[in-house]
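What follows is each chain in one-letter form.
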Amino acid sequence: RSLAGKNVDVTIIDRNNYQLFQPLLYQVSTAVLSEEEIAYPVRAFFRKHKNVNFYLGNVVDFDTEHKKVITNHGEIAYDYLVVAAGSTTNYFGMKSVEEHAFSMKTLGESVKIRNHILEAFERAVQETNEEKRRAMLTFVCVGGGPTGVEEAGAISELVYKVMQKEYHTLDFSEVNIKLVEATDRVLPMMPESLREETVNVLRKKNVDVRLSTQVMDYDGEKLTLKSGEIVPTNTVIWAAGVKAVPVIAKLGAETDRAGRVIVRKNLQVPGCEDVFAIGDSAHFLQGERPLATIAPVATHEAEVCAKNILHAIKGESMEAFTYHDVGSMATIGCGDAVMAKGILKGKGFVAWSAWLWVHLIRLAGTHANTTVTLKWIWNYLGGTRLGRIITQ
C-alpha cells in the first residue's frame, strides 16, 4: 500500500486471494466472528491503483541470481523483492503433536477448530461412556502468549455463556478447559501485576492454568506432560511458538533457529542487495534480542522497506530501521483485557475497550467494521454467537 500510486510496478504474490487479520482468528475459532469479517480480497485494496497487480500462486523457490520468484504456476521476474511470507506453527520437533494437535495460523485452521469444538459437544450429548465423554469435553490450549490466553478465555465463554444454556442433557461439571505454559508466566511481555491479573481472570472463568508445565507428547487421545501426568483429551490447540515458513530457507541467506533471515539495519538480505525481508520472515536485531514477530513491527518495517526501495531506485542512501515500542495488549474475555506501554498499565473494561478500538480500526472495509462492531456489542450484552455453524 505504501508503493501504490508511486512510479513503480508492484506484483503481490500470495497463495490466498485475501489479506487475513490474524489477531482475530481466535474469534472465528470460537464462533464470535465469521470468516469474511477478518479477511479482505487483496485486489479490492488496489482497485484504484493500476500499478499494483496480484498473482495467485504458491512460492516454491527463489532464483536470486537471475532475479526470479518461482511459483507453482510459473516464474515471475523482479527488480526488487520483498519477502514477507509470514510464519507457521513451531512444534519444536514433536512429530506426534504436529500430527494430532490443532494449529491456528490460517483461516482454514481456525474454521477447523470451530467445527471440532461444536461437533465435540454434539458427540458428547450422544456418548454414554463417561471416560470418552470427558475426553471430548476437555480442551487444552498450549502456550501462554496472547493467542493461548485469548483462545482459552474465548472457549470458556463459549462453553459457559452459550453452550450451557442450550445443551440441556449435558453435565457441564465434566467440561475441562486447560491453559498449559512451559515457563512460569503467561504474557511475558506484560508487567508481573498484569500477568497475575490474567491468571486470576482465567481461573475465574473456570480455566485450569498450568504454569511451568511442559508437553512431551500427544497421540490424539492422550496428552503427556513432562511430569508424567496423562490428560485424556480429543482437543489440543497449539499456540506455543512460531517459525518462518520453510520456503524462506530457499533464499540461501543466513537464518536464525526459527528460520528467519538475519537482515541488515536497512532490512536488506545480506548477499542479495535487491532482496528485503520483513515481518515474521526477518530476524532484526535491536539491542540484545531480535524484535518480536508481532504486527506493529511488521507494518513499521513495511513502511521503511518501501522508502528504501524508492531510495535505491533513485541511487540514494537507505534508511536504517528503528522500532519504537507501541505497547502490548491482550484480551482475556468479554470485558476483560490487559495492556501496557512503558510505565502505563491498564486492565479490565477500560483495557478491553481500548483493545476493541485498536483492532477495529485495523480491519479492512466498512462492511467488516459494521458487522464486527454489532457482533461485539451483541456478544457483550447477551453472549450471542451467531457463527456456531458446523461446515464440514
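Everything below is about the structure printed above this text.
Note that the structure is a prediction, hence the values are computed from the model and not measured.

**Here's the deal with the packing of aromatic side chains**
- One pass over the structure, following the stated rule, counts 12 aromatic pairs.
- Centroid distance F45 to F46: 6.1 Å. Interplanar angle 50 degrees. Geometry classified as tilted. Taken individually, F45 and F46 each receive the classification buried, so the pair is uniform in this respect.
- Ring geometry for F121 versus F139: centroids 5.8 Å apart, planes at 15 degrees, classification stacked. Placement of F121 in helix α4 (residues 107-126) and of F139 in strand β11 (residues 138-142) is noted, with a sequence separation of 18 residues between them.
- You can call F121 buried: its relative accessible area is 0%.
- On the accessibility criterion, F139 (0% relative accessible area) is buried.
- Taken together, F121, F139, Y167 and F172 form an aromatic cluster joined through their ring pairs.

**Let's talk about empty space enclosed by the protein**
- According to the stated counting rule, one finds 3 cavities of 30 Å³ or more in the structure shown.
- Taken as a whole, the largest cavity holds about 140 Å³ of empty space.
- Together, 17 residues line the largest cavity, and Y26, Q27, G333, C334 and N379 are the ones closest to its centre.
- Secondary-structure elements contributing two or more residues to the lining of the largest cavity are α1 (25-29), α6 (146-166), β25 (328-333), α9 (348-360) and α10 (366-382).
- For the lining of the largest cavity, a count of residues per class yields 9 nonpolar, 5 polar and 3 charged.
- There is about 50 Å³ of room inside the second largest cavity.

**Some remarks on helix α8 (residues 295-314)**
- Relative to the 28 Å expected for 20 residues at 1.5 Å per residue, α8 spans 29 Å between its end C-alpha atoms, a close match to the ideal helical length.
- When α8 is considered as a whole, its buried residues turn out to be V297, E301, V304, C305, A306, N308, I309, H311 and A312.
- Summarising the contacts, the buried residues of α8 are in contact with β8 (81-83) and β21 (272-277).
- Note on α8: the residue one or two positions beyond its end, G315, has a positive phi of about 75 degrees.

**Considering the sheet that holds β21**
- Reading across the sheet, the 3 strands line up as β8-β21-β20 and stay open at both edges, with mixed pairing between neighbours. The open sheet is flanked by β8 and β20 (268-269), the only strands paired with a single partner.

Thresholds applied
- Residues numbered from 1 in each chain as written.
- Predicted model: local features only at pLDDT ≥ 70, side-chain atom pairs only at ≥ 80, totals over all residues.
- Heavy atoms only, no water.
- Phe/Tyr/Trp six-rings, centres within 6.5 Å; stacked < 30°, edge-to-face > 60°.
- Buried < 20%, exposed > 50% of the residue type's maximum accessible area, 1.4 Å probe, protein only.
- Helix = DSSP H or I, 4+ residues; strand = E, 2+ residues; numbered from the N terminus.
- 1 Å grid on protein atoms, 1.4 Å probe; cavity = no way out; pocket = protein on both sides within 12 Å on 5 of 7 lines; lining within 4 Å.
- Points joined across faces, edges and corners; volume = space filled by probe spheres on them.
- Nonpolar A, V, L, I, M, F, W, Y, C, P; charged D, E, K, R; others polar.
- Expected span 1.5 Å × (residues − 1).
- Contact = heavy atoms within 4.5 Å.
- Pairing = 2+ DSSP bridges.

So, to be careful, I would describe these as geometric facts and stop short of saying anything about function.
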